[in-house]
Amino acid sequence: MSLIRRSNVFDPFSLDLWDPFDGFPFGSSGSSSGSLFPRGASSETAAFAGARIDWKETPEAHVFKADVPGLKKEEVKVEVEDSNILQISGERNKEQEEKTDQWHRVERSSGKFLRRFRLPDNAKPEQIKASMENGVLTVTVPKEEAKKPEVKSIQISG
């Protein structure tokens, strides 16, 4: 697992990951009518593109937990773009097929995944920590301490 800081412009429409209509008669892959989603996403990518991620905020930090079963920490990337975009990505490779194998069912997905989150202003991206245990990636983004309102006493003259 690596933490990489990048400084590219974030374009929320540039994600070329998943077409929910792929495979349907009216979807983008089999239709020349156009699509709301960019072409180029393979069905393998589509199967794993929706990596499940929870985001909670505690008083001290923003905590992201991603289910990435079967992946090693070296196969997962945690990146920060422009100091406020958290990007979590990785790839699960297909199992090698032998000519003598006869598959009865294939339900486990493979392919690439990519998820992006715009961090709030109170995040400290330079202090991000990431760990992985039992197929769950945990990314902790510390928060700036909430500024307490300054109270100034005023002398009353009389």
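Residues numbered from 1 in each chain as written. Predicted model: local features only at pLDDT ≥ 70, side-chain atom pairs only at ≥ 80, totals over all residues. Heavy atoms only, no water.

In the annotation of an unreviewed UniProt entry, the protein chain is listed under the name SHSP domain-containing protein and assigned to Leersia perrieri. According to its UniProt record, the protein chain has this under Sequence similarities (unreviewed entry): "Belongs to the small heat shock protein (HSP20) family." (UniProt positions renumbered as here; feature names shortened; annotations may be inferred.)

Some details on the overall build of the protein chain
In terms of helices and strands, the protein chain carries 1 helix and 8 strands. Secondary structure elements of the protein chain, listed N to C terminal, follow the sequence β-α-β-β-β-β-β-β-β. Taking as baseline every contact in the protein chain between residues at least 6 positions apart, the subset at least 24 positions apart corresponds to 60%. With an accessible surface of roughly 11700 Å², the protein chain has 49% of that area assigned to carbon and sulfur atoms. (Helix = DSSP H or I, 4+ residues; strand = E, 2+ residues; numbered from the N terminus. Contact = heavy atoms within 4.5 Å. Areas by Shrake-Rupley, 256 points an atom, 1.4 Å probe, with all protein chains shown as cover.)

Looking at the packing of aromatic side chains
With the rule as written, the count across this model stands at 3 aromatic pairs. Seen from their ring centres, phenylalanine 64 and phenylalanine 117 are 5.2 Å apart, and the 50° between their planes marks the pair as tilted. Of this pair, phenylalanine 64 sits in strand S3 (residues 61–67) while phenylalanine 117 sits in strand S6 (residues 111–118), and the two are 53 residues apart along the sequence. Taking the relative accessible area as the measure of exposure, phenylalanine 64 reaches 1% and is therefore buried. With a relative accessible area of 12%, phenylalanine 117 lands in the buried category. Ring pairs connect the aromatic residues Trp55, Phe64 and Phe117, which therefore count as one cluster. (Phe/Tyr/Trp six-rings, centres within 6.5 Å; stacked < 30°, edge-to-face > 60°. Buried < 20%, exposed > 50% of the residue type's maximum accessible area, 1.4 Å probe, protein only.)

Notes on the pattern of salt bridges
Opposite charge on two side chains lets them pair, provided their charged atoms get close. Overall, the coordinates contain 2 salt bridges when judged by the stated rule. In this structure, the salt-bridge partner of lysine 143 is glutamate 57, at a minimum N-O distance of 2.7 Å. Of the two residues, lysine 143 is situated in the segment after strand S8 (136–142) and glutamate 57 in strand S2 (residues 53–57); the sequence distance between them amounts to 86 residues. In this structure lysine 143 comes out as buried when scored by relative accessible area, which is 14%. Put simply, arginine 116 and glutamate 81 hold a salt bridge, and the shortest N to O gap is 3.4 Å. (Salt bridge = Lys/Arg side-chain N within 4 Å of Asp/Glu carboxyl O.)

Some thoughts on the side chain of histidine 62
The residue histidine 62 is located in strand S3 in this model. A polar contact is formed between the side chain of histidine 62 and the side chain of tryptophan 55, at a distance of 3.2 Å. Each residue touching histidine 62, except ones within four places of it in the same chain, is listed here: Trp55, Lys56, Glu57, Pro120, Asn122, Ala123, Val139, Thr140, Val141 and Lys143. (Polar contact = N/O pair within 3.5 Å; in protein donor to acceptor, adjacent residues only side chain to side chain.)

Quick notes on the confidence of the model for the protein chain
Any region with low pLDDT has predicted coordinates that should not be read closely. Overall, the prediction assigns the protein chain a mean pLDDT of 75, with 68% of residues at 70 or greater. Per-residue pLDDT stays below 50 along residues 7–19; that stretch engages in 30 contacts with residues further than four places along the chain or on separate chains. Within the model, the stretch residues 26–48 combines pLDDT values under 50 with 44 contacts to residues more than four positions away or in other chains. (pLDDT = per-residue confidence, 0-100.)

Brief notes about the sheet that holds S2
Spatial ordering of the open sheet is given by S2-S3-S8-S7, a layout of 4 strands whose pairing is antiparallel. Every interior strand has two partners, whereas the edge strands, S2 and strand S7 (129–133), have only one. Taken over all neighbouring pairs, the strand axes of this sheet differ in orientation by 15° on average, direction set aside. Taken together, the 7 bridges between S3 and S8 define a ladder with antiparallel strand orientation. When the bridges of S8 are listed, phenylalanine 64 appears paired with valine 139. (Pairing = 2+ DSSP bridges. Axes fitted to C-alpha atoms, helices over the stretch in contact; angles between N-to-C directions.)

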